[in-house]
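# Secondary and tertiary structure notes
Here is how the chains run, residue by residue.
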There are 2 protein chains.
Amino acid sequence: MAGDSALPHIVIVGGGFGGLWAARGLAKAPVRITLIDRCNYHLFQPLLYQVATAGLAAVDIAAPLRHILSAQANVGVLMAEVAQVDRAASAVQLADGTRLQYDTLLLASGSTHAYFGHDDWAAHAPGLKTLDDAEVILRRVFGAFEQAELHADAALARDAWLTFVVIGAGPTGVELAGTLIEIARHTLKREFRRIDTSKARVMLVEAGPRVLATFPEILSAKARVQLERLGVEVLTSSPVTAVDADGIAIGDRRIAARTVLWAAGVAASKLGATLGAPLDHAGRVQVNADLSVPGAPNIFVAGDLAALVLDGEPVPGVAPAAKQMGAYVARVISGRIAGSTPPPFRYRDDGALATIGRWAAVVDLGRVRLSGAFAWCFWLTVHIFFLIGFRNRLRVMIDWSWGYWKYYRGARIILGNDGDDTN
Amino acid sequence: MAGDSALPHIVIVGGGFGGLWAARGLAKAPVRITLIDRCNYHLFQPLLYQVATAGLAAVDIAAPLRHILSAQANVGVLMAEVAQVDRAASAVQLADGTRLQYDTLLLASGSTHAYFGHDDWAAHAPGLKTLDDAEVILRRVFGAFEQAELHADAALARDAWLTFVVIGAGPTGVELAGTLIEIARHTLKREFRRIDTSKARVMLVEAGPRVLATFPEILSAKARVQLERLGVEVLTSSPVTAVDADGIAIGDRRIAARTVLWAAGVAASKLGATLGAPLDHAGRVQVNADLSVPGAPNIFVAGDLAALVLDGEPVPGVAPAAKQMGAYVARVISGRIAGSTPPPFRYRDDGALATIGRWAAVVDLGRVRLSGAFAWCFWLTVHIFFLIGFRNRLRVMIDWSWGYWKYYRGARIILGNDGDDTN
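Structure report, in brief. Note that the structure is predicted; figures quoted are calculated from it, not measured. Residue numbers here run from 1 along each chain, matching the order of that chain's written sequence. Numbering of ligands from 1 and lettering of chains from A proceed in the order in which they are written. This being a predicted model, a pLDDT of at least 70 is required before a residue's local features are given, and a value of 80 or more before pairs of side-chain atoms are given or counted; all residues contribute to the totals for chains, interfaces and linings. In computing side-chain values, all of the structure's heavy atoms are included and hydrogens and water are not.

### Regarding the overall build of chain A
Numbered from the N terminus, helices here are DSSP runs of H or I no shorter than four residues, and strands are runs of E no shorter than two. The helix and strand tally for chain A stands at 10 helices and 27 strands. Whereas a compact globule of 423 residues would reach a radius of gyration of roughly 22 Å, chain A reaches 23 Å, a difference of no more than 12%. Projected onto its principal axes, the C-alpha positions of chain A cover 70 × 55 × 45 Å. The classification of residues rests on relative accessible area computed with a 1.4 Å probe and restricted to protein chains. Under 20% of the type maximum is buried, over 50% is exposed, and intermediate values are partly exposed. Counting across all 423 residues of chain A, residues that qualify as buried make up 58%. We call two residues in contact whenever any of their non-hydrogen atoms come within 4.5 Å of each other. Taking the contacts inside chain A whose residues are at least 6 apart along the sequence as the reference set, 64% of them involve residues at least 24 apart. This radius of gyration counts C-alpha atoms alone. The globule rule is 2.2 Å times how many residues there are, raised to the power 0.38.

### Some details on the interface of chain A and chain B
Between chain A and chain B, the residue contacts involve 67 residues of the former and 67 residues of the latter. Buried area counts how much accessible surface, traced with a 1.4 Å probe, disappears from two parts once they are put together, with both parts' losses summed. Interface area for chain A against chain B, summed over the two sides, is near 6,400 Å², with a carbon-plus-sulfur share of 52%. The term salt bridge refers to a pairing of a side-chain nitrogen on Lys or Arg with a carboxyl oxygen on Asp or Glu at a separation within 4 Å. Where chain A meets chain B, there are two salt bridges. The partner of Glu146(B) in a salt bridge is Arg66(A), with the nearest N and O atoms 2.8 Å apart. Under the rule applied, a polar contact is a pair of N or O atoms within 3.5 Å (in protein, one hydrogen donor and one hydrogen acceptor; residues adjacent in sequence only if both atoms are side-chain atoms). In this structure, the connection of chain A to chain B is made through 18 residue pairs in polar contact (both at pLDDT 80 or more). The nonpolar class holds Ala, Val, Leu, Ile, Met, Phe, Trp, Tyr, Cys and Pro. Asp, Glu, Lys and Arg form the charged class, and all remaining residues, Gly among them, are polar. A breakdown of the residues in the side of chain A that touches chain B according to their chemical character gives 29 nonpolar, 15 polar and 23 charged.

### Considerations on the packing of helix 1 (residues 17–25) of chain A against helix 8 (residues 319–338) of chain A
All names here are of chain A. The geometry of helix 1 relative to helix 8 is characterised by a closest axis approach of 7 Å and an angle of 35° between their N-to-C directions. Between helix 1 and helix 8 lies a crossing of right-handed hand. Contacts between helix 1 and helix 8 pair Phe17, Gly18, Trp21, Ala22 and Gly25 from the former with Ala319, Ala322, Lys323, Gly326, Ala327, Ala330 and Ser334 from the latter. Partitioning the contact of helix 1 with helix 8 into residue classes produces seven nonpolar, four polar and one charged. In this analysis an axis means a line fitted to C-alpha atoms, helices contributing only their contacting stretch, and an angle means the value between N-to-C directions, from 0 to 180 degrees. Helix crossings get a hand from a simple test, with the near helix turned counterclockwise from the far one by less than a right angle marking a left-handed crossing and a clockwise turn marking a right-handed one.

### Quick look at the relation of the copies chain A and chain B
The copies were overlaid with a least-squares fit restricted to C-alpha atoms from residues scoring a pLDDT of at least 70 in each copy. Taken as rigid bodies, chain A and chain B are interconverted by a rotation of 180° and an axial shift of 0.0 Å, the fit giving an RMSD of 0.0 Å. Here the copies are linked by what is in effect a two-fold axis. The position closest to the rotation axis in chain A is occupied by the C-alpha of Arg395(A), lying 3.6 Å away. Of the interface residues in chain A, 100% have counterparts in chain B that sit at the interface too, so the contact is made through matching surfaces.

### Things to note about unusual backbone geometry
Its identity as a non-glycine residue notwithstanding, Leu212(A) has a phi of 45°, on the positive side. Residue placement: Leu212(A) occurs in the loop between strand 12 (201–205) and helix 7 (217–230). Unlike most non-glycine residues, Leu291(B) shows phi in positive territory, near 70°. The exposure class assigned to Leu291(B) is buried, which follows from its relative accessible area of 0%.

### Description of the environment of Asp132(B)
All names here are of chain B. The topology assignment puts Asp132 in helix 4 (residues 131–150). On the basis of relative accessibility, which here comes to 10%, the residue Asp132 falls in the buried class. Along the primary structure Asp132 and Ala52 are separated by 80 residues, whereas in three dimensions their C-alpha atoms are 9.4 Å apart.

### Examining the environment of Ala27(A)
All names here are of chain A. Residue position: Ala27 is located in the loop between helix 1 and strand 2 (32–37). Residue class for Ala27 comes out partly exposed when judged on its relative accessible area of 36%. Between the alpha carbons of Ala27 and Gly15 there is a distance of 15 Å; along the sequence they are 12 residues apart.

Below you can see the structure in the form of structure tokens.
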């Protein structure tokens, strides 16, 4: 871009909520921005579990980054993987060795799965952070019913294929479990001839004493009741001690399950470690009050990668927090150019939502707490509202309408079947 | 299913147009049907090129087989790969070794890519027969623009990334080429900062003397004009002699192109060879007038796998032919049970359609030939009409409306980025 070399170059790593809100926040600033992401799309993560369970298609909850930012003249997008940050040289290094100089850097590369030191569990218990994860889970879940049908005569094998375990009872785990039981008891009920899908077992296993541990106790209790009413077996105070291809173990108790899903832990993106800055136990970067890195005032961190404690409470790794942090960093950067300094970052907790099944959800808005049908309608509305793009909202409303009236899950198209050309 | 063991067991291999229309045709027959497919969905192949170029999402043109057939009580679906047919034992053998006995067998496993003895070209020039193929092509096409942006300063590399070659000018090749040029000149025009996507070259390379060789000459000529007006470089009488990672060769002429797509040849599914029946040069099974296999009256072949010459013309490997053959086989099977014999198979040629770009298509209806805008509207209408499922039709209409008014291609979400966990 002509005449830009004099402008400060802001490099943003990550096109999720943190990075994208930062880029947009700088739309009018006299800067040149490069946003780097290894994917070409922005993902609405709160609805990932819907893609994993075929309630929505991948394209419904993702929008091409270039398209979102195409009208903003001062930002360019690069689809690349950032391997590390070279603070001394003020550059980021891409996976292919290319280096990109920056004047200011924002790291917003998010989080990934954590298996508490049991990385070998990853192959057997996929997590849900990306669209590729969702595709893997969809293939395993719907593939399991197919395998049960093929092996209908071998009772033990069939039952293992019809047993689903979700590890971790945070919002993602609760949403997955509630949806799996609906798939088994409603969506697929009339479609198999040799198995009765409603006999499938869905177990939600949590190491702690309650589900939705970050919600108020009364909502945790209501969520548990709603899950059990749907048919989910909820096991709390049950830390998983082993995961393999045939199932899991909780201490001495063994559960045969061919489909195990991981919703129990996340760890920060490994890029944080390349900063040489203080990290917390989960690998998150401990940032200053203005979200900059201690000792590196021109490097910021936002979103799941940032560790910040305010009034004794850690800022949670949720979408609204990432948005607010990204927007805040944009204000700090703009402010510096204009010679002003915004006050320290404040996290505005707008509440938390989790859906359990149709007509069942819990909503915590601080003073207002909702559960049941009203909470579910609220949840639907909020999620549609926050999707990017009118077209995505329209598609999601259509998919959900079909899904509601007919329990139909049209997005259960299993890909990855080609293998080699033997047919 | 109780009381069914006395009913004849019809095994249908393949849930495409041939197999599905045969299964539906037997809805009222006193038979027990098992339909086997290695995918869990029925695919509307004529619109595959739209998924490959992000005009539609995979879920828009595919419908779960179980759902389509769930209300038909006498059919069950198995998701499995058939490895071979054992005629002597009247059984099909699945990839996992399981055997399934049949009284009557219908092989409708379709076709796959053929590289005329150059199987090493497959890695560099993907074809388009399955949804997985479409995902590979989408990743390569949109990934090429991303690579060009990353390497914008290296002119030769950038130009190679911005050169797209489609080999084979049948309907699929023509549709791909016309769409690629629209992506380059319209869809992505404002989204890149360092490259000018409208400078991309799209070349359609055909060994024979004209494009759309199976259409009347006058429509071939019009199609060529429409393509060239859009900006596609059409090379006829240009047989490709080499394909590698850097491009192609046509005799002495070398073209540097990092994205090469194959639309030049198909071969029959390899299952045909396991029948021990006469095959033609493309591996298709040469069937009797009633679509049965010579010497095996209880084995039928329908769709792309069948070779049948009527009045000197081979029945083409197109969707309507497969549907008609599948429906015909159902009538023969029902007829035999009822003690009657339908007349030999007749192919009703309803015409052929190919779209080139917006407001540009050619339609051959025998006596009526259309081209240009009117043909394009006709093409749109027919394709929407023949999709399975109202919901799919609605989604496609929405996607196409958005695409038409804004050149928007929202389905260009590139998957497969996770790789290993380095970030």
